[in-house]
Amino acid sequence: MNDVDGVCVKQGSGNWWYVGTGFALGSLYLLIVFVGAELWPRTDKPLKLIAHSLKLEESALACGPSADSRNVVEENRFFIFGGNSPRFFEVEIFDPPVDDQTALYLGPIVDRIELLICGKDGEVISRQFLGSQFSESQLQHPFPRTVFRLTTAEASARLLLKVDQDASASVPIVAEPISNYLAGFSQRSQIQTLLYGMVSMMVIYNITLSFLLRNRVFLFNALISGSMLALDAAVSGFGLLYLWPQWPKVQDAFLVISMAGPVLFGPLFCWSFLSIGKAKELDNAVIYKPWGGLGVVCILSWVLGAPEWLATGALAIFWLTMALIILVDLFRRALWEANERAAVILAPLLGGVFPPMFLGITREYLGWEYGAFAVHHTQMALVLEAALFTLAVA
């Protein structure tokens, strides 16, 4: 038994339902993704290619003899550490289509990619650029700006890549007929726009309720959902394609500031929700207070000249640490102190936040693939998360 707000209640009574609901929703979400990966595998069969990682002494990319140090890129996917020296690759595409162009792309967005197409005698056939840090005027094919378009002759030539990235990421190297790429690109953009619209409506709804009801919890919920929406738009390349194509430097700003959103507003949301109607300070409230200051420090360090990879890396560490600490505290409050509000928050956390975090980490850093169905798993998670947190507050 435990005394909560002067009422004697059984420890954890009634709160297992909320926790169980969160686990059930999270498990259902993962099950849908796993089953979807089996039922809807990727049908856009990529072209066969072999990629070799090159060790070059000079930073400039030039046609010439093959490098002495060549290592096969396993599964045509490599990991690049943000802020390090550029990485170099030699790519050979087998049997490119003769009646269509070939699309060569590396992940959804990479900061700077230079492609050098070399002739048989070592001459430069073409030099092209791609990436989020180039303006449209610097790109040979500005839309969609995520792909190199190669003729049959270019795709059959020796291809050299120089890849430079400010943030750490796992990057695939993929080639496929351009018609397949554009068809999938159009479909993904339409679905992405629909899901973003649903999240935007939830953000507007929460802001409206915050002002009408004079309840800051709705505002913090809107700020969390809005920052996650901005982060996904930056990471997926949607923002660079449609929202700020003329201002590539805006990409960095959205990436850093939106990553700070959950660190700034997540603890404030939990603290405000738990403390509504309380006459005294929450016990152990210090757990919820320092994270906003850490987020502001990361943003200011980037504004003052710190590398993007350092600011985003620190934010990612703070984000994961904060999530684990607050999760443990919410479990303690919900199941030991019988705090119903803590149990209510756990439902959307377990159902809409941690499952997509697991999928994103395993896909980005371990290279796990979840089929064509999971291309939009982060956007679907945003919709679920925004809806669950809004229901929790209501």
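Residues numbered from 1 in each chain as written. Predicted model: local features only at pLDDT ≥ 70, side-chain atom pairs only at ≥ 80, totals over all residues. Heavy atoms only, no water.

Observations regarding the state of the cysteines
To keep things clear, this is the line we draw: The term disulfide is used for any two cysteine sulfur atoms that are within 2.5 Å. Put simply, DSSP H or I for four residues or longer makes a helix, DSSP E for two residues or longer makes a strand, and each gets a number counted from the N terminus. Under the scheme applied here, a residue whose accessible area is under 20% of the maximum for its type counts as buried, over 50% as exposed, and between as partly exposed, the area being computed with a 1.4 Å probe on protein chains only.
On inspection of all chains with the given rule, the structure shows one disulfide. Covalent S-S linkage joins Cys63 and Cys118, the inter-sulfur distance amounting to 2.0 Å. Handedness of the Cys63-Cys118 disulfide follows from its S-S torsion of about -90°: it is left-handed. A residue pair is termed long-range when its members are at least 10 positions apart, and Cys63 in the loop between strand E3 (49-54) and strand E4 (70-72) and Cys118 in strand E8 (residues 112-118) qualify at 55 residues. We classify Cys118 as buried; its relative accessible area is 2%.

Considering the nonpolar core
Quick note on the threshold: The nonpolar core is taken to be a set of buried Ala, Val, Leu, Ile, Met, Phe, Trp, Tyr and Cys residues, with the residues joined through side-chain atoms within 4.5 Å. Every residue pair with non-hydrogen atoms within 4.5 Å of one another is taken to be in contact.
The biggest cluster of nonpolar side chains holds 57 residues, and the ones touching the most others in it are Phe269, Tyr288, Leu330 and Ile345. Listing elements by their share of this core, those giving two or more residues are helix H3 (178-213), helix H4 (216-236), helix H6 (249-275), helix H7 (290-303), helix H8 (308-336), helix H9 (340-365) and helix H10 (377-393). In terms of residue count, the dominant contributor to this core is H6 (11 residues). Beyond its immediate chain neighbours, meaning those up to four positions away, Leu330 contacts Leu274, Tyr288, Ala342, Ile345, Leu346 and Leu349. Among the nonpolar cores identified, the runner-up in size contains 27 residues, and Leu47, Leu130, Leu150 and Ile173 belong to it.

Re the packing of aromatic side chains
In this description, a pair of aromatic rings is defined by centroid distance and the angle of the planes. This is how the line gets drawn: Each Phe, Tyr or Trp ring (for Trp, its six-membered ring) is paired with any other whose centre lies within 6.5 Å, and the angle between the two planes then decides the class: stacked below 30 degrees, edge-to-face above 60, tilted in between.
For the structure shown, the criterion picks out four aromatic pairs. Seen from their ring centres, Trp17 and Tyr18 are 5.4 Å apart, and the 85° between their planes marks the pair as edge-to-face. Looking at Trp17, the relative accessible area reads 59%, which means it is exposed. A centroid spacing of 4.9 Å and a plane angle of 50° characterise the contact between Tyr105 and Tyr181, whose relative ring orientation is tilted.

Some details on the sheet that holds strand E12 (residues 169-177)
The condition that has to hold: Strands pair, by our definition, only if DSSP identifies at least two bridges between them. Geometry is summarised by axes, namely lines fitted to C-alpha atoms with helices restricted to the contacting stretch, and by angles between N-to-C directions that run from 0 to 180 degrees.
Strand order across the open sheet formed by four strands is E5-E12-E7-E10, with antiparallel pairing between neighbours. Each edge of the open sheet is held by one strand with a lone partner, namely strand E5 (77-80) and strand E10 (148-150). Averaged over all pairs of adjacent strands, the angle between strand axes in this sheet comes to 20°, irrespective of strand direction. Here E5 runs beside E12; their pairing, made up of four bridges, is antiparallel. Each residue of the ladder has a partner; that of Phe79, found in E12, is Ser170. In the packing of H3 onto the sheet, contacts are made with strand E7 (102-106), E10 and E12, and the angle to E12 comes to roughly 120°.

Things to note about the pairing of E8
Most of E8 is tucked away, with six of its seven residues classed as buried. Sheet topology places E8 next to strand E11 (residues 158-164); seven bridges connect them, and they run antiparallel. Residue pairing across strands places Ile117 opposite Leu159, the latter belonging to E11. With six bridges connecting them, E8 and strand E9 (residues 124-130) associate as antiparallel partners. Residue pairing for E9: Glu114 is matched across the bridge by Phe129. Taking the residues that link successive antiparallel strands as the turn, the E8-E9 hairpin has five residues, and the phi of Gly122 there is positive, at about 85°.

Focus on the pattern of salt bridges
Our working definition: What makes a salt bridge here is a side-chain nitrogen of Lys or Arg within 4 Å of a carboxyl oxygen of Asp or Glu, nothing more.
All chains considered together, the criterion is met by six salt bridges. The partner of Glu114 in a salt bridge is Arg127, with the nearest N and O atoms 2.3 Å apart. Here Glu114, found in strand E8, pairs with Arg127, found in strand E9; they are 13 residues apart in sequence, far enough to count as distant. Salt bridges sharing partners connect three or more residues here, namely Asp329, Arg332, Arg333 and Glu337.

Details of the sheet that holds strand E6 (residues 87-93)
The strand order E4-E3-E6-E11-E8-E9 describes an open sheet built from six strands, whose pairing is antiparallel. With partners counted over all chains shown, the strands left at the sheet margins are E4 and E9, one partner each. Averaged over neighbouring strand pairs, the angle between their axes works out to 25° when direction is ignored.

Some remarks on unusual backbone geometry
Look at Asp95: it is not a glycine, yet its phi comes out positive at around 50°. On the secondary structure map, Asp95 appears in the loop between E6 and E7. The exposure class of Asp95 is exposed, given its relative accessible area of 71%. In this structure, Arg214 takes a positive phi of about 55° despite not being glycine. Here Arg214 is to be found in the loop between H3 and H4. Residue classification places Arg214 among the exposed residues on the basis of a relative accessible area of 79%.

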